[in-house]
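What the coordinates show
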Amino acid sequence: MLASLRALPTTLRTGVRRGLQGPQALAFLPAAALAAFWLGGEALLLVVALGTPGIFLLVGVPADRGDGRSGTDQADIVDSIAATQLAQQALDNARAANLATACLLIEVDGLTEVAQQTDEATVDAPRELTLGRLRKTLRRDDEAVCLGETRFVIFLGPSLRLDLEALLQLSGRLQNAVEEPASVGDAMRYLSGSIGFCGSLRLSNDASGKQLLEAAQVALEEATANGPSAIRAWSENMRQAHMEQRSLRNEVDRALSNGQIQPWFQPQICTSTGAISGVEALARWIHPERGIVPPAQFLRVLEDAGRMEQLSEVILQHSLTALRSWDQAGLDIPRVSVNFSDPELRDPRLVDRIQWELDRFGLTAERLGIEVLETVIAGAPEGIVARNIVELGKIGCHIDLDDFGTGHASITSLRRFRVHRLKIDRSFVTRVDRDEDQHRMLAAVLGLADRLGLETLAEGVESVGEHALLAQLGCDHVQGFGIARPMPVDKLIDWAHEHDARIADARKLGGTTG
C-alpha cells in the first residue's frame, strides 16, 4: 500500500505527460480554452492560457527532436551489455509508474547484401534509413537503437495498454516501415523484417531486463526460422521449446558419433510396373529418452551448430551400407537417394569424398541419387555449388531436382546441371484427384518434363486416388505415406518382400483374368 502511494505522483505525472505528448493534445487544448471561457469568462481563460506552459514544465514533456527519439542522448549502435542496461532501465521506469513496457527485436534481411553492393560513402545509409523509419513510427518515450549490423532493438516507454493485440499492431506498423522500398545510391532497395517481441506483462514481477531481452531474442529466433517477414510473440511454451533446442544442441555431437542419428528409408514405386524403383534416405534422431525427435527440430539444431557436413557423411555411409546389405539379401533396389543442402554442396572435396565412399563399398555411381533443392540450383548459376553438381552428374550419380515447382530454376539450368529427374512438390499432388485446377497444373508440369526427356517422381502421395491419377497422367514414380512411411533398414527388407509378393499375386490374377 505504501509503495503504491509513493508511486502515485509518478503515475499521475506519466499519465498527464503521455496525454499531452500525442496528437490528442491538439484537440484537448482548444477544448480546454473554450470550456474555461464558457465557465469563467476572460479571467479563467487567462489562467488556462498562462497555466498550460507551467503544466508542460511540471510533467517534463521532452522537446520534439523530429525523429521520434526521447530527449536524452543515446548511441545509435549498442552492444549486448548496453542493450541489457536499456532493458533494465525500461523495466524500472515502467514499474515506477505502475505501467508496462516491452522489448521488440527486428532482424532486417537484405541489409548485408545492400551494403555489399554500395560504395563506402553509402555503406551505412541503409541501416541509418531503417533506424530513422523505426524512430518515426515510435513515440517520444520509446527507444530504438541498432544491435549489430542487421538487428534493431526497441524498448517502449511506460504504457497503460500493452496487451498482445497492441504489440502485434505496433509490430505490423514497424514491419511496414522497414519494408517500404527505399532509394539507396542509384537503385531501389527492398528489405524484409522479422520481429520477435515480449511484453513485461508476460514475465514475472521480479523479472530482470536481461530476461526481457532474452525473451525477445527467443521470439525473434522463432520468427526468423519461419520467415521472412514473420512476427512472433514470446510465450512460456516458446521458452520451453527453446530450452529443449538448447539441450539438443548440447547433445548433437554425441548423437552423431554414437549412431542415434541415422537414415530411415521411404520406398519409391514405379507407376508402370509397381516395382520398387528406389528409396530416399531421411535423417531420424532416435533419442534414448525423448524417442524420435522431429526432423524439423534437430535439423535446425545441426545447422545452427555447423554440423550439416557431418550429418551428410553419416547419412551417406549408412545409406551405402544399407544398399549393400539389400543386395546381399537379394532385394532389387536400384538406387538410394540422399539429400544435400547448400552448405554441403559448397564443400570443394564433396565429389572426391563421394567417389571414395562408392569405391569403398564397391558400388557404381548410378546407385546413388543426389537430391538438390530447386532453390539451390536457381541461386547457384556459378561457383563451387554448380561445379559440384555438374561433376557429380559426370561421374554417373543421378541428380534429382527436389521440391520442383517451389523455386525458380530455369529450363537451361535443368540441362546444364544434368538433372535426371524432377521431384514434384507435394503441393502439386495434394487432392489432385479431386481438384481440377491441381489436375491441370500437374498435367502441365508432367508434359514439360516429358518434352525435356526427364523422369518424374511425385512426393506426398497419400491416397489410392492420387496414385492412380498420377499413373494415368504419366508420372514415372510415386512416393508418400499412401505407399509406405519411412522405416529402418531392417524393416524395409520385410516390407520389400511383402510388396514383391503383392505385385506377383496381382500379376497372376491379371494373367488368370486375361
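The coordinates are above.
1. Side note on the overall build of the chain
For the chain, the count of helices and strands is 19 helices and 16 strands. Sorting the 514 residues of the chain into buried and exposed places 45% on the buried side. Counting only contacts in the chain whose residues sit at least 6 apart along the sequence, the fraction spanning at least 24 positions is 70%. Working note: accessible area of the chain is about 26,100 Å², and carbon and sulfur atoms make up 54% of it.

2. A word on the packing of helix α12 (residues 350–361) against helix α14 (residues 384–394)
The geometry of α12 relative to α14 is characterised by a closest axis approach of 9 Å and an angle of 30° between their N-to-C directions. Accordingly, the angle class assigned to the pair α12 and α14 is roughly parallel. The hand of the α12/α14 crossing is right-handed. Between α12 and α14, the contacting residues are Leu350, Val351 and Ile354 on the first element and Asn388, Glu391 and Leu392 on the second. Among the residues making up the contact of α12 with α14, the classes are represented as 4 nonpolar, 1 polar and 1 charged.

3. Details of unusual backbone geometry
In the Ramachandran plot, Asn98 falls in the positive-phi region, its phi being about 60° despite a non-glycine side chain. On the secondary structure map, Asn98 appears in the loop between α3 (80–96) and β1 (102–109). With a relative accessible area of 64%, Asn98 lands in the exposed category. Although it is not a glycine, Arg431 adopts a positive phi angle of roughly 60°. Looking at Arg431, the relative accessible area reads 43%, which means it is partly exposed.

4. Quick look at the packing of helix α5 (residues 125–137) against helix α6 (residues 164–179)
Two elements in contact, α5 and α6, have axes separated by 9 Å at closest approach and are oriented at 150°. Crossing geometry of α5 relative to α6 is assigned as right-handed. Each of Thr130, Arg133, Leu134 and Thr137 in α5 lies in contact with α6, whose residues at this interface are Arg173, Leu174, Ala177 and Val178. In terms of residue class, the contact of α5 with α6 is built from 4 nonpolar, 2 polar and 2 charged.

5. Regarding the nonpolar core
Generally speaking, soluble globular proteins have nonpolar side chains that are buried together. Counting 78 residues, the largest nonpolar core has Trp326, Ile354, Leu368, Ile370 and Trp495 as its most contacted members. When residues no more than four places from it in sequence are discounted, the contact partners of Ile370 are Val338, Phe340, Ile354, Leu392, Cys397, His398, Ile399 and Asp400. Judged by nonpolar contacts, the second largest core, of 24 residues, contains Ala87, Leu105, Cys198 and Trp234.

6. Considering the packing of aromatic side chains
Tallied over the entire structure, the rule returns 1 aromatic pair. Ring centres of Phe265 and Trp326 lie 5.0 Å apart, and the angle between their planes is 80°; on these two criteria the pair is classed as edge-to-face. With Phe265 in strand β8 (residues 261–270) and Trp326 in helix α10 (residues 308–328), this residue pair connects regions lying 61 residues apart in the sequence. Here the basic side chain of Arg485 rests over the ring of Phe481, its NZ or CZ set 4.1 Å away from the ring centre.

7. Overview of the pattern of salt bridges
Following the criterion strictly, the structure yields 19 salt bridges and no others. A salt bridge links Asp142 to Arg139; the shortest N-O distance between them is 3.0 Å. Residue classification places Arg139 among the partly exposed positions, given a relative accessible area of 32%. The partner of Arg349 in a salt bridge is Glu309, and the shortest N-O contact between them spans 3.3 Å. Taken together, the residues Arg349 in the loop between α11 (342–345) and α12 and Glu309 in helix α10 connect sequence positions 40 residues apart. Overall, the relative accessible area of 31% leaves Glu309 in the partly exposed class. One continuous salt-bridge network, built from bridges that share partners, spans Glu280, Glu371, Lys423 and Glu459.

8. Quick look at the side chain of Arg127
You can see Arg127 is positioned in helix α5. Using a relative accessible area of 11% as the deciding quantity, one classes Arg127 as buried. A distance of 2.7 Å separates the side chain of Arg127 from the side chain of Glu149, its partner in a polar contact. When residues no more than four places from it in sequence are discounted, the contact partners of Arg127 are Ile77, Leu111, Cys146, Gly148, Glu149 and Phe152.

9. What to know about the pairing of β8
Of all 10 residues making up β8, 9 are buried, and the element is well covered by its neighbours. Note: β8 against strand β9 (residues 276–287), 9 bridges, orientation antiparallel. Residue pairing for β9: Gln268 is matched across the bridge by Gly278. What sits between the antiparallel neighbours β8 and β9 is a turn of 5 residues, in which Gly274 has the positive phi angle 80°.

10. Quick look at the environment of Pro158
Mapped onto the fold, Pro158 is located in the loop between β3 (151–155) and α6. Considering only alpha carbons, one finds Pro158 and Ala94, 64 residues apart in sequence, at a separation of 4.6 Å.

11. Some details on the state of the cysteines
Using the criterion set out here, one finds 0 disulfides in the structure. A disulfide-free cysteine, Cys198 has its sulfur positioned 7.8 Å from the sulfur of Cys103, the nearest such atom. Unpaired in terms of disulfides, Cys475 finds its nearest cysteine sulfur in Cys270, a separation of 10.0 Å.

12. Re the sheet that holds strand β7 (residues 231–233)
Reading across the sheet, the 5 strands line up as β2-β3-β1-β6-β7 and stay open at both edges, with mixed pairing between neighbours. Of all the strands in the sheet, the pair left with one neighbour each is β2 (143–146) and β7. Ignoring strand direction, the axes of neighbouring strands in this sheet form an average angle of 15°. Pairing of strand β6 (residues 192–199) with β7 involves 3 bridges; the strand directions are parallel. The residue bridging Phe197 from the neighbouring strand is Ala233, located in β7. Sheet strands in contact with α3 are β2 and β3, and its direction is about 20° off that of β3.

13. Focus: the side chain of Thr101
In this structure, Thr101 sits in the loop between α3 and β1. Residue Thr101 is classed as buried on the basis of its relative accessible area, which comes to 0%. For Thr101, the side chain forms a polar contact with the main-chain oxygen of Leu156, separated by 2.5 Å. Discounting residues that sit within four places of it in the chain, Thr101 has contacts with Ala90, Leu91, Ala94, Leu156, Leu162, Gly199 and Ser200.

What counts and how
Residues numbered from 1 in each chain as written. Predicted model: local features only at pLDDT ≥ 70, side-chain atom pairs only at ≥ 80, totals over all residues. Heavy atoms only, no water. Helix = DSSP H or I, 4+ residues; strand = E, 2+ residues; numbered from the N terminus. Buried < 20%, exposed > 50% of the residue type's maximum accessible area, 1.4 Å probe, protein only. Contact = heavy atoms within 4.5 Å. Areas by Shrake-Rupley, 256 points an atom, 1.4 Å probe, with all protein chains shown as cover. Axes fitted to C-alpha atoms, helices over the stretch in contact; angles between N-to-C directions. Parallel < 35°, antiparallel > 145°, perpendicular 65-115°, else oblique. Left-handed = near helix turned anticlockwise from the far one by under 90°. Nonpolar A, V, L, I, M, F, W, Y, C, P; charged D, E, K, R; others polar. Core = buried A, V, L, I, M, F, W, Y, C linked by side-chain atoms within 4.5 Å. Phe/Tyr/Trp six-rings, centres within 6.5 Å; stacked < 30°, edge-to-face > 60°. Lys NZ or Arg CZ within 6 Å of the ring centre and 35° of its normal. Salt bridge = Lys/Arg side-chain N within 4 Å of Asp/Glu carboxyl O. Polar contact = N/O pair within 3.5 Å; in protein donor to acceptor, adjacent residues only side chain to side chain. Pairing = 2+ DSSP bridges. Disulfide = S-S within 2.5 Å.

Purely geometric stuff here, so don't read any function into it on its own.
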